[in-house]
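# Coordinate analysis (summary)
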Amino acid sequence: EVVPRVLAPVEAGDGSVCAALLRQEEQLVVLERLDFVLRNISELRREVEELRSSLQRLAAEIIGEVRSHLEETQKVTRRRRLPFARERSDSTGSSSIYFTASSGATNTDDGESEGGYSTANAESDYDRESERESEEGEDEVSCETVRTVRRDSLDLVNEDETHLTLDSSLEEGLGQLLQQADRLHGGDQQQKREGFQLLLNNKLAYADQKDFLWRLARAHSDMSEITEDADEKRSYASDGKEEMEVALQKWDQSAECHQWYAVLCGQLAEHESIQKRIQTGYVFKEHIDKAIELKPEDPRAYYLLGRWCYQVSHLGWLEKKTASALFEAPPTATVQDALQNFLRVEELSPGFSKAGRVYIAK
């Protein structure tokens, strides 16, 4: 509301100026309005302080709940740990990592179940991490995760002062997390489930780390293998493949990313048509070749390539006709090609996989 003003000449020295004069009633109205504004500002400031205190208390409660949950998880994990070394059982897996013989052209000479991925994992002493990791090390992982949550909470700390400390803490926590994930990956089905959940819980903190992402994709592959529901198998494989597609855009020179992308493509193709499986076969071979190029001393890559060669050499009549109709150059490989790759595995890491030796014997 505009307050009316009366302009009148006022003597000042040798001259005169115009000054704004308010009547007494108008001055009282202005003072009341100013007092009202000041009271509102004071109340708003008090409410902001109360909100700030509430948010700090909420952040402290969240950190406490996360810490309690992680400590309970570690206790459950320790209770479930077996007091003796687990015997690893290798099989030669399904008829193919990407050619599932749903057409009826199952390789009867394989003598294997339709597992698909059990040997693609290439269980071996080479892949197994030490089982002697201390419980203190696991507790340190929990503490690092809590510190990560604390970093994201509303602690009013100068970020510039803690930036270097947080970076070093995250790096240390990542190393311990990856060791634990590798150990759980080499365990039984329950441990693989725990490893998968462990990586999911830390995805927000380490989603931009290459070594974390390919292990997360590997965990998706583990879950696709151990679950019995067909839709869940497809879902896990599809999600893991998507993780690797994103990772390969940034880390195309990572042998592990190419390797696990190939494995997940193979698992996903098991639920597709013959045409899709044959197309996936080319993708699988391309990425395994790339993995070998980037890391020529990795026995698992040669093992997977050996399996691919063996299965291609045993394609059924329908699959061969489909491949010939779809592609000018259908996939070709011989048993001798497979043998050379399996022998290369033994050369790089003797006893890498029992299944590999079974293939050599065949």
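Taking an unreviewed UniProt entry as the reference, the chain is identified by name as Regulator of microtubule dynamics protein 3 belonging to Nycticryphes semicollaris. If you open the UniProt record of the chain and go to Sequence similarities (unreviewed entry), you find "Belongs to the RMDN family."

So, on to the overall build of the chain. Across its full length, the chain carries 13 helices and two strands. For the chain, buried positions account for 41% of its 362 residues. Put simply, of all contacts in the chain between residues at least 6 apart along the chain, 70% involve residues at least 24 apart. By element, 52% of the accessible surface of the chain is carried by carbon and sulfur atoms, the whole surface being about 20,800 Å².

Before going further, it helps to spend a moment on the nonpolar core. Judged by nonpolar contacts, the single largest core of 50 residues is most densely connected at Phe212, Met244, Ile288, Tyr303 and Trp308. Counting contributing residues per domain, this core is built from domain 1 (181-271) and domain 2 (297-361), each supplying no fewer than three.

Following the sequence through the fold, Glu26 ends up in helix H1 (residues 24-80). Among the polar contacts made by the side chain of Glu26, one reaches the side chain of Arg23 at a distance of 2.8 Å.

Running from amino to carboxyl end, helix H12 (residues 335-348) crosses helix H13 (residues 354-361) at an angle of 140°, the nearest separation of the two axes being 9 Å. Between H12 and H13, the interaxial angle falls into the category oblique. Read as a crossing pair, H12 and H13 show a hand that is left-handed. Contacts between H12 and H13 pair Leu339, Phe342, Leu343 and Glu346 from the former with Gly356, Arg357, Tyr359 and Ile360 from the latter. A breakdown of the residues in the contact of H12 with H13 according to their chemical character gives five nonpolar, one polar and two charged.

This part covers the UniProt feature "coiled-coil region" (unreviewed entry) in the chain. UniProt's feature table lists "coiled-coil region" (unreviewed entry) at residues 34-61, given in the numbering used throughout. The annotated region residues 34-61 carries 100% helix and 0% strand content, and the separation between its end C-alpha atoms amounts to 41 Å.

Attention now goes to the pattern of salt bridges. Summed over all chains, the structure comprises twelve salt bridges. Note that Arg215 is salt-bridged to Asp182, the shortest N-O span being 2.8 Å. Note that Arg215 is positioned in helix H6 (residues 210-226) and Asp182 in helix H3 (residues 159-185), a separation of 33 residues in sequence. A salt bridge links Arg234 to Glu272; its shortest N-O distance comes to 3.7 Å. Placement of Arg234 in helix H7 (residues 230-250) and of Glu272 in the loop between helix H8 (255-269) and helix H9 (274-294) is noted, with a sequence separation of 38 residues between them.

Turning our eyes to something else, we now look at empty space enclosed by the protein. Rolling a probe over the atoms, with the probe sized like a water molecule, indicates the empty space that remains. For the structure on display, the rule yields two cavities of 30 Å³ or more. If you add up the space inside the largest cavity, you get close to 60 Å³. Forming the boundary of the largest cavity are Ala181, Leu184, His185, Lys192, Gly195, Phe196, Leu199, Arg215, Arg218, Ala219 and Asp222. Put simply, the parts of the chain that give the lining of the largest cavity at least two residues each are H3, helix H4 (189-201) and H6. Within the lining of the largest cavity, the residues separate by chemical class into five nonpolar, two polar and four charged.

Right, let's talk about the packing of aromatic side chains for a bit. Across all of its chains, the model carries six aromatic pairs by this definition. The interplanar angle of 70° and the centroid separation of 4.9 Å between the aromatic rings of Tyr310 and Tyr359 together place this pair among those described as edge-to-face. Of this pair, Tyr310 sits in helix H10 (residues 299-313) while Tyr359 is found in helix H13, placing the two residues 49 residues apart along the sequence. We note that Tyr310, like Tyr359, is buried. Here Lys285 stacks its cationic end above the ring of Trp308, 5.5 Å away from the centre of that ring. Over the aromatic face of Tyr302 sits the side chain of Arg344, whose NZ or CZ is 5.4 Å from the ring centroid.

Thresholds, definitions, all that
- By convention here, each chain's residues receive numbers from 1 onward along its written sequence.
- Local features in this predicted model are restricted to residues of pLDDT 70 or higher, and side-chain atom pairs are both shown and tallied only at a pLDDT of 80 or more, whereas totals for entire chains, interfaces and linings draw on every residue.
- Calculated side-chain values reflect all of the structure's heavy atoms, with hydrogen atoms and water omitted.
- UniProt positions are given in the numbering used here, feature names are shortened, and annotations may be inferred rather than shown by experiment.
- Here a strand is any run of E in DSSP of at least two residues, a helix any run of H or I of at least four, and the numbering for each starts at the N terminus.
- Only protein chains enter the accessibility calculation, which uses a 1.4 Å probe; a residue whose area is less than 20% of its type maximum is buried, one above 50% is exposed, and one in between is partly exposed.
- Only heavy atoms enter the contact rule, under which two residues are in contact if any of them lie within 4.5 Å.
- Accessible surface area values rest on a Shrake-Rupley calculation with a 1.4 Å probe, where residue burial reflects the displayed protein chains alone.
- Definition used in this section: a nonpolar core is a set of buried Ala, Val, Leu, Ile, Met, Phe, Trp, Tyr and Cys residues joined via side-chain atoms within 4.5 Å.
- What fixes the domain bounds is an automatic or database domain assignment.
- Think of a polar contact as two N or O atoms within 3.5 Å of one another; within protein, one of them needs to be a possible hydrogen donor and the other a possible acceptor, and neighboring residues in sequence only count if both atoms come from side chains.
- Lines fitted to C-alpha atoms define the axes here, with helix axes fitted over just the stretch in contact, and angles between the N-to-C directions of these axes take values from 0 to 180 degrees.
- Should an angle lie under 35 degrees it is considered roughly parallel, over 145 roughly antiparallel, and from 65 to 115 roughly perpendicular; all remaining angles are considered oblique.
- A clockwise turn of the near helix away from the far one marks a right-handed crossing, whereas an anticlockwise turn of less than a right angle marks a left-handed crossing.
- Residue polarity follows a fixed list, in which Ala, Val, Leu, Ile, Met, Phe, Trp, Tyr, Cys and Pro are nonpolar, Asp, Glu, Lys and Arg are charged, and the others, Gly among them, are polar.
- Take a side-chain nitrogen of Lys or Arg and a carboxyl oxygen of Asp or Glu: if they are within 4 Å of each other, that pair is a salt bridge.
- Put simply, the grid is 1 Å and covers the protein atoms alone, a cavity is a trapped set of points that fit a 1.4 Å probe, a pocket is an open set with protein on both sides within 12 Å along at least five of seven lines, and lining residues have an atom within 4 Å of a point.
- Grid points are joined across faces, edges and corners, and a volume is the space filled by probe spheres set on the points.
- Any Phe, Tyr or Trp ring, taking Trp's six-membered ring, that has another such ring centre within 6.5 Å forms a pair; planes under 30 degrees apart are called stacked, those over 60 apart edge-to-face, and the others tilted.
- A ring is considered to have a charge above it if a Lys NZ or an Arg CZ atom is located within 6 Å of its centre and within 35 degrees of its normal.

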